[in-house]
Amino acid sequence: MSFFIHLECAMCGKILNADKIHNLCPDCSKPLLARYDLEAAAKAVTPKEIAGREETLWRYREVLPIRDSKFQLCLGEGFTPLIKATRLSRELNFEKLYIKDEGINPTNSFKARGLSVAASRAYELGVKAFSIPSAGNAAGALSAYAALAGIPCHVFMPQDVPVPFIAECRALGAEVKLVEGLISDAGKIAAKEVAQYDRFDVSTLKEPYRLEGKKTLGYEVAEQMGWYLPDVIIYPTGGGTGLVGMWKAFDEMEQMGWISSKRPRMVTVQSEGCAPMVRAFEQNTEFAEPWAGAATIADGLRVPAAVGDFLILRTLRESNGTAIAVPDETLIQTANQIGRTQGLFVSPESAATLVAFNSLREQSWIKEDETVVLFSTGSGHKYAHLWGK
Ligand SMILES: *Cc1c(COP(=O)(O)O)cnc(C)c1O
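None of the values given here were measured: they were computed from a predicted structure.

Conventions used here
Residues numbered from 1 in each chain as written. Predicted model: local features only at pLDDT ≥ 70, side-chain atom pairs only at ≥ 80, totals over all residues. Heavy atoms only, no water. Near = heavy atom within 4 Å. Polar contact = N/O pair within 3.5 Å; in protein donor to acceptor, adjacent residues only side chain to side chain. Areas by Shrake-Rupley, 256 points an atom, 1.4 Å probe, with all protein chains shown as cover. Helix = DSSP H or I, 4+ residues; strand = E, 2+ residues; numbered from the N terminus. Axes fitted to C-alpha atoms, helices over the stretch in contact; angles between N-to-C directions. Parallel < 35°, antiparallel > 145°, perpendicular 65-115°, else oblique. Contact = heavy atoms within 4.5 Å. Expected span 1.5 Å × (residues − 1). Buried < 20%, exposed > 50% of the residue type's maximum accessible area, 1.4 Å probe, protein only. Arc of directions from axis to C-beta. Salt bridge = Lys/Arg side-chain N within 4 Å of Asp/Glu carboxyl O. Core = buried A, V, L, I, M, F, W, Y, C linked by side-chain atoms within 4.5 Å. Phe/Tyr/Trp six-rings, centres within 6.5 Å; stacked < 30°, edge-to-face > 60°. Lys NZ or Arg CZ within 6 Å of the ring centre and 35° of its normal.

**Student:** Whenever I open this one, the site of the ligand confuses me. Can you help?
**Tutor:** Residues in close proximity to the ligand total 18 residues, the closest being Lys111, Tyr235, Gly238, Gly240 and Thr377. Take Gly239: an N or O atom from its main chain is 2.8 Å from an oxygen atom of the ligand. Contact distances for the ligand include 2.7 Å between a nitrogen atom and a side-chain N or O atom of Thr377. When the ligand sits alone it has 380 Å² of accessible area, and the protein chains cover 97% of it. For the shell around the ligand, the elements supplying multiple residues, two or more each, are β10 (232-236) and α9 (241-255).

**Student:** What am I meant to see in the packing of helix α12 (residues 331-342) against helix α13 (residues 348-362) here?
**Tutor:** In helix packing, the relevant descriptors are the interaxial angle and the interaxial distance, both defined with respect to the helix axes. Two elements in contact, α12 and α13, have axes whose closest approach is 8 Å; the angle formed by their N-to-C orientations is 85 degrees. With respect to their mutual orientation, α12 and α13 come out roughly perpendicular. Together, Leu331, Thr334, Ala335, Gln337 and Ile338 of α12 and Pro348, Ala351, Ala352, Leu354 and Val355 of α13 make up the contact between the two elements.

**Student:** Help me understand helix α7 (residues 183-197) in this model?
**Tutor:** In an α-helix there are 3.6 residues to a turn, and that puts residues three or four apart on one side. For α7, spanning 15 residues, the distance from its first C-alpha to its last is 20 Å, which sits close to the expected 21 Å at 1.5 Å a residue. Taken as a whole, α7 has its buried residues at Ile183, Ala186, Gly187, Ala190, Glu193 and Val194. Projected down its long axis, α7 carries its buried residues within an arc of 135 degrees, all on one side. Set apart from the buried face of α7 by more than 90 degrees, the exposed residues are Lys188, Lys192, Ala195 and Gln196. Those residues of α7 that are buried lie in contact with β6 (130-133), β7 (153-158), β8 (175-179) and β9 (200-201). In the stretch just after α7, Asp198 is the one whose phi turns positive, near 55 degrees.

**Student:** What's the story with the pattern of salt bridges in this structure? I'm lost.
**Tutor:** Note on pairing: side chains with opposite charge can pair once their charged atoms come close. Within the structure shown, the criterion is met by 26 salt bridges. Among the ionic pairs, Asp68 bridges to Lys70, the shortest N-O distance being 3.2 Å. Note on Asp68: relative accessible area 30%, which makes it partly exposed. A relative accessible area of 60% places Lys70 in the exposed class. Where Lys215 meets Glu212, a salt bridge forms, and the shortest distance between an N and an O atom there is 2.6 Å.

**Student:** Would you mind showing me how to read the nonpolar core here?
**Tutor:** Nonpolar side chains in soluble globular proteins tend to end up buried together. In this structure, Phe130, Val155, Met157, Phe250 and Met253 are the most contacted members of the largest nonpolar core, which totals 94 residues. Every residue in contact with Phe250, bar those within four places of it in the chain, is listed here: Gly218, Leu229, Ile233, Ile259, Arg263, Pro264 and Met266. Within the second largest apolar cluster, 29 residues are counted, among which are Ile99, Ile234, Ala298 and Leu344.

**Student:** Would you mind going over the packing of aromatic side chains with me for this structure?
**Tutor:** The geometry of an aromatic ring pair comes down to the distance between the two centres and the angle between the two planes. For the structure shown, the criterion picks out 13 aromatic pairs. Measuring from centroid to centroid gives 4.8 Å for Phe94 and Phe357, while their planes differ by 80 degrees, and the two rings are edge-to-face. Taken together, the residues Phe94 in the loop between α3 (86-92) and β5 (97-101) and Phe357 in helix α13 connect sequence positions 263 residues apart. You'll find Phe94 and Phe357 in the same group, each marked buried. For the ring pair Phe345 and Trp387, a centre distance of 5.0 Å and an interplane angle of 75 degrees mean the geometry is edge-to-face. In this pair, Phe345 is assigned in the loop between α12 and α13 and Trp387 in the segment after β13 (372-376), connecting sequence segments 42 residues apart. For Phe345, a relative accessible area of 35% puts it in the partly exposed group. Each member of the aromatic cluster is reached from another via a ring pair, and the members are Tyr60, Tyr219, Trp227 and Trp258. Its guanidinium or amino end placed over the ring of Phe110, Lys214 lies 3.8 Å from that ring's centre, counting from NZ or CZ. Above the face of the Trp365 ring, Arg265 is positioned so that its terminal group lies 4.4 Å from the ring centre.

See below:
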């Protein structure tokens, strides 16, 4: 069922046993990538066969790392609609604009993808307790899948994270610790307890399988566009798993003969209040310096340092993409524009993609006849305080 063969370090290329528990590369402390026997997978399944399968991300099980389906923790994640944004397009006078609506995932964000697959694989490998530092949505998603598996879950969030994020984790049975500072500070405290209490660290890209869940975004965009890819993908970037994951998915699909070598230009959007990837992209460096004093209302983008920084930057460069920072002041009004034209209540991170689109179009970086996909990564419900009463 799964054609998972081994793990490979994204930096030094070291190969590791697929069926042991791993976090980062033991040699260079960089992220590990799951590798598959794609030749065998291509013989085992075709896009046509996939078309008739369940409408969750598990439809791509041959290229996911779970060996035995009884460990799949499923709440209906994935296979979200790719919406042709007709009324928004008309208002903007731009024809081929699509929105991938990730807000309808379990726990209302695309974090469900990564954490469904990561929790399932950890469950399969016999992990006894989870630990996760989070800016908000990742904690809620992990709490849900941990509950489904009956595995204790410890979440660490900045103390100023809005109430709905905290309430959600508590309601889903997780142990919540609020930490002074940012997600990076939460990460430090979580790491200390991981060593002390033998928990499994599910931080972004510090284990190999959240990326596998997020890569299904790439499989879905391709499938939903008839096994073609758009010209431009705009992605609100924090830790970057979705962006890096999609890029990996495109290579896998090409190797299986499902798509051609044509790739979209990948765009990272961040907030002006926390834009480490934008700065590193502009300075043409391999890694990103941590962003001091990170502040933005888009909680998912409040990530001052990313373990996968070099993978994000590699993706942007290989794809002839770009990185752009947008001001927080534009986000709510832009979310409202998506809301009143498309009927979607989107999070500020999602709104950031439309702000970026407008700006790149103005610069003629996006051409009038191109096909563009915006990622609405979460619904607005957990951010309702930003709208006030
Ligand atoms: C986490 C998050 C992001 C950023 O995703 P990464 O994969 O960490 O880059 C964007 N939007 C929302 C709503 C999020 O929760």
